[in-house]
Amino acid sequence: MSQHTITFELSNWQTISEIKKCDPNILRYCRTSLKDYVLVALGYPTSQMKTNEFNQFCGNTSVTELIKKGIKLYEKESKLLNDSETAQTSPLTQSELFDFFSKILDQELNAAFKSGQITKGTGNNYRSSFERYWKWQFEQSWVRELLIELLRARQIPEFMPKHPRKDTRLSTRSREEIHYGVRQQDLSASAINELEEYKKFRLTGGKLAQKKLRQLYPQSQNERRISPELRKVQPSTFKQDETYILLFYGYLVKECQYELSELHLGLLLNLDRLEDYADWLVDDRGRTYCNGLILVNTAIAVAKFLNFDKTKRSDYLDVPVILNLKDLARKYNKQYQQNKKKTDQKKWRSKELTYPQLFEVVDYLLACCAPNTSKVSQSKQWPGKLIKGKERSLEAVVQAYQIHLIVKILVYAPWRQGEIRQWAKGKTLFREEGNGQPSYSVILEEHKLSQQNGELARKLPTALTPDLDDWINIWRPKIFNAIQTLEGWLEFSGYKLEDAENLQQRLELAKLGLSKRRVEDQQKYIERLEDRLGRMQRRIAAWKPAKANLEANDTLFLSFGSSHPESFGKLLDRKSCHSLVTTAIAKATKYLFGETKQLNPHGFRHIAIKHCLEVQGNLEALAVYMNHSQKTQQQYLKQVFNAYTYTENFVDDWWRRKL
């Protein structure tokens, strides 16, 4: 950046065609505005400099330095103006920084005008010339990149806060379910093929089945003219179907002694087995009849798939098993609704947070993106103070920023996580400059209500723009650049290529009873070395798959692989997103408020509705923005507002006349 001095940049600015056509004095006006006003406000003694001294100053001083000075001055003034320590402040944006430079120039010009040093017309000339130059300066690509980096850096501390001592990781439903669910690859070839055919049936709304029907029953025959109906579902909905089928299969294998080779979709039409499974879920697994209801609805879809060539009605009502399944679904729905109000209120208490608390959580998660860990000082001068610890790997920092960004999106734009995971720059996510206030918009063709509402197009809050800019322009490119070579991939995760060879040598010596340092338990020492070497080798073997995954993934967010580095770079799936958010919220709330909150991605929608009502916002507009119906809105309101909450602000003066 050393070549970007004030002299160099002003010389470039005056050569553009737009400036050449302006007042020939524009460069002189701009230099004066800098020398006598802007630079003075930033703390430079330039107003006292002679011409040759100022020329030398401009030749040695970079524009980068001016921008950094401006950011520091902005922060200083903001602290003086903000007398509330808990007030939520938005991050400084590029447009706000530009306006701040204009503001300090105006303040200096007004003071000079009042003291009679300049006329109003002269002040206007200085202001106009500086703003034209400064606007051009902010449009330069190197300045835009610099500002993104500087404005990000000012928000992230040098070292991260301490995590709460108690492990607050929450066991999600998917982790519990994996204990008895069957893996698809363990099924027989016929069962896998059957499941694949069922998938095509669901995702196409039975179009392939209807085509087959027309081949079986030509139009010349009168016995078959009405095609059965089936609603086409989104891949995420089918994924739920598939999950519940595999869980049901797992129950049959582990509790009913079925062989894997005996499993097939027809078993979902056995009502006795379905009822036994639903009762087992409630009695032994602590679930509700909601799980039974979902499985029965899946069984109804399976029954339609298996009977598409037998029914002669579009609604399948001539298929007895479907009628029986619908009766069972009504039974489970009734049982579920009876307990829903009680369970909803209990769940709400375990995850309820206010929006001021969510703002604190967002700030805490941003602090967790610090490049260094922290430790407690043991010195006499700073006992108990957090100080810099070890440097974190770039992977740990980038993953922390992804978590921070996803949570912040859920706070400011509480969409369904499945919709957020579809965001891809230039495809579904678009940046718009607007009137000096850049923002992002999202357009999705595939979403939960696409069948009813069509395309989903929404503008995102401008509060998310700096964070999305950082992720798109800084963090994600760092991932892509790091993974291009094996050395970069290892360094990205905190390893070095030579570490594998060193570990191998240390392990061989340890097995011979030799080591460079004293070891209390030789066997445990060997086991630790084997574990570290194994992780290192898995990381090396995962490089090419991870690189291919990332290159194929154009969405914003990605899987970091956790203990499976070969899955690094893949699309962030529902289960991983759910786990990332719930774990992050649990840790943040334990640290900030001393109580672990079990808030999942969908819970942000409930909190948003309650907050909107409390601040007397537009609930109807919020329902549209979150892409759900007024009926769903009312269901959420019943969950978040019990009788106590509804009347607590009413009870003290309900008898008084309202003026």
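Here's a quick rundown of the structure. (Residues numbered from 1 in each chain as written. Predicted model: local features only at pLDDT ≥ 70, side-chain atom pairs only at ≥ 80, totals over all residues. Heavy atoms only, no water.)

1. Focus: the overall build of the protein
The test is simple: Put simply, DSSP marks the helices as runs of H or I at least four residues long and the strands as runs of E at least two long, and each gets a number from the N terminus on. In this analysis, two residues are considered to be in contact whenever any of their non-hydrogen atoms come within 4.5 Å of each other. Accessible surface area values rest on a Shrake-Rupley calculation with a 1.4 Å probe, where residue burial reflects the displayed protein chains alone.
Of regular secondary structure, the protein possesses 29 helices and 5 strands. Across the protein, the fraction of contacts at a sequence separation of at least 24, relative to all contacts at a separation of at least 6, is 69%. For the protein, the accessible area works out to roughly 36600 Å², and carbon and sulfur atoms hold 49% of it.

2. As for the sheet that holds strand S5 (residues 456–459)
How we decide: Pairing between strands requires that DSSP locate at least two bridges from one strand to the other. Only C-alpha atoms enter the line fits that serve as axes; for helices the fit covers just the stretch in contact. Angles between N-to-C directions range over 0 to 180 degrees.
An order of S3-S4-S5 is seen for the 3 strands of this open sheet, with the pairing classed as antiparallel. Each end of this open sheet is capped by a strand with a single partner; those strands are strand S3 (429–432) and S5. Between one strand axis and the next, the sheet turns by 20° as a mean value, whatever way the strands run. Sheet topology places S3 next to strand S4 (residues 439–444); 4 bridges connect them, and they run antiparallel. Bridging across to S4, phenylalanine 430 finds its partner in serine 441. Contacts between helix H20 (residues 465–482) and the sheet are confined to S3 and S4, with S4 contributing the most and set at about 75° to the helix.

3. What about unusual backbone geometry?
This is how it is decided: Any residue under 20% of the maximum accessible area for its type is buried, any over 50% is exposed, and the rest in between are partly exposed; the area is computed with a 1.4 Å probe on protein chains only.
With phi around 60°, glutamine 257 is a residue other than glycine that occupies positive phi space. Structurally, glutamine 257 can be placed in the loop between helix H12 (235–256) and helix H13 (271–283). For glutamine 257, a relative accessible area of 59% puts it in the exposed group.

4. A word on the pattern of salt bridges
Rule in force here: Should a side-chain nitrogen of Lys or Arg be within 4 Å of a carboxyl oxygen of Asp or Glu, the pair is scored as a salt bridge.
Enumeration over the complete set of coordinates arrives at 22 salt bridges. Two residues, aspartate 315 and arginine 313, come together in a salt bridge whose shortest N-O distance is 2.8 Å. For aspartate 315, a relative accessible area of 29% gives the class partly exposed. A salt bridge links aspartate 531 to arginine 535; the nearest nitrogen and oxygen atoms lie 3.1 Å apart. Placement of the pair is aspartate 531 and arginine 535 together in helix H23 (residues 522–541), with a separation of 4 residues, close to one helical turn. Arginine 535 gets classed as partly exposed once you look at its relative accessible area, which sits at 35%. One connected set of salt bridges, linked through shared partners, spans Arg431, Glu433 and Asp469.

5. Quick look at helix H25 (residues 574–593)
Worth spelling out the cut-off: Residue count minus one, scaled by 1.5 Å, sets the expected span of a helix.
When the terminal C-alpha atoms of H25 are compared, their 28 Å separation across 20 residues agrees well with the 28 Å that a helix rising 1.5 Å per residue should span. Those residues of H25 that sit buried are Cys577, Ser579, Leu580, Val581, Thr582, Thr583, Ala584, Ile585, Ala586, Ala588 and Thr589. Glycine 594 occupies a position one or two residues after H25 and carries a positive phi of about 75°.

6. A look at a positive patch on the surface
Selection criterion: Only residues whose relative accessible area exceeds 30% and that form no salt bridge are eligible for patches; like-charged ones are grouped when within 9 Å, while nonpolar side chains (Val, Leu, Ile, Met, Phe, Trp, Tyr) are grouped when within 5 Å. Think of it this way: Lys and Arg go in the positive column, Asp and Glu in the negative one, and His and the chain ends go nowhere. The location of each charge is read from NZ of Lys, CZ of Arg, CG of Asp or CD of Glu.
There is a patch of like positive charges on the surface, built from Arg517, Lys524, Arg528 and Arg532. For lysine 524, the position within the fold is in helix H23.

7. Observations regarding a negative patch on the surface
A contiguous patch of negative charge, built from Glu255, Asp272, Asp276, Asp279, Asp283 and Asp284, is present on the exposed surface. Here aspartate 283 is to be found in helix H13. Look at aspartate 283 and you get exposed, because its relative accessible area is 62%.

8. A short note on the packing of helix H3 (residues 26–41) against helix H6 (residues 94–114)
Heads up, the condition is: We call two directions roughly parallel when the angle between them is under 35 degrees, roughly antiparallel when it is over 145, roughly perpendicular when it lies between 65 and 115, and oblique otherwise. Two helices crossing with the near one rotated counterclockwise from the far one by less than a right angle form a left-handed crossing, whereas a clockwise rotation gives a right-handed crossing.
Relative to each other, H3 and H6 sit at 115°, their axes nearing to 9 Å. By the angle class used here, H3 and H6 are roughly perpendicular. Considering only the axes of H3 and H6, their crossing is right-handed. Together, Ser33, Tyr37, Val38 and Ala41 of H3 and Phe101, Ile104, Leu105, Glu108, Leu109 and Ala112 of H6 make up the contact between the two elements.

9. Observations concerning the packing of aromatic side chains
Here is the rule: Each Phe, Tyr or Trp ring (for Trp, its six-membered ring) is paired with any other whose centre lies within 6.5 Å, and the angle between the two planes then decides the class: stacked below 30 degrees, edge-to-face above 60, tilted in between. Should the NZ of a Lys or the CZ of an Arg lie within 6 Å of a ring centre and within 35 degrees of the ring normal, that charge is described as sitting over the ring.
For the coordinates displayed, the defined rule picks out 34 aromatic pairs. Ring centres 5.9 Å apart and planes at 80° place the aromatic pair tyrosine 355 and phenylalanine 359 in the edge-to-face group. One end of the pair, tyrosine 355, and the other, phenylalanine 359, are both in helix H16 (residues 355–367), 4 residues apart, so they sit about a helical turn from each other. Within the aromatic cluster, the residues linked to one another by ring pairs are Trp13, Phe98, Phe101, Phe130, Tyr133, Trp134, Trp136 and Phe138. The side chain of lysine 69 reaches across the aromatic face of tyrosine 44, ending 4.9 Å from its centre. Seen from the ring of tryptophan 475, lysine 478 lies directly overhead, with NZ or CZ sitting 5.1 Å from the centre.

10. With respect to the side chain of histidine 404
Under the convention used in this document: Contacts described as polar in this section are N or O atom pairs within 3.5 Å, which, within protein, must combine one atom able to donate a hydrogen with one able to accept it, while residues neighboring in sequence count only if both atoms come from side chains.
Looking at where histidine 404 falls in the secondary structure, it is placed in helix H17 (residues 394–412). Judged by relative accessible area, which is 2%, histidine 404 ranks as buried. Within the structure, histidine 404 has its side chain in polar contact with the backbone oxygen of valine 362 (distance 3.4 Å). Side-chain polar atoms of histidine 404 contact the side chain of aspartate 467, separated by 3.2 Å. Contact partners of histidine 404, with chain neighbours within four places excluded, come to Val362, Leu365, Leu366, Cys369 and Asp467.

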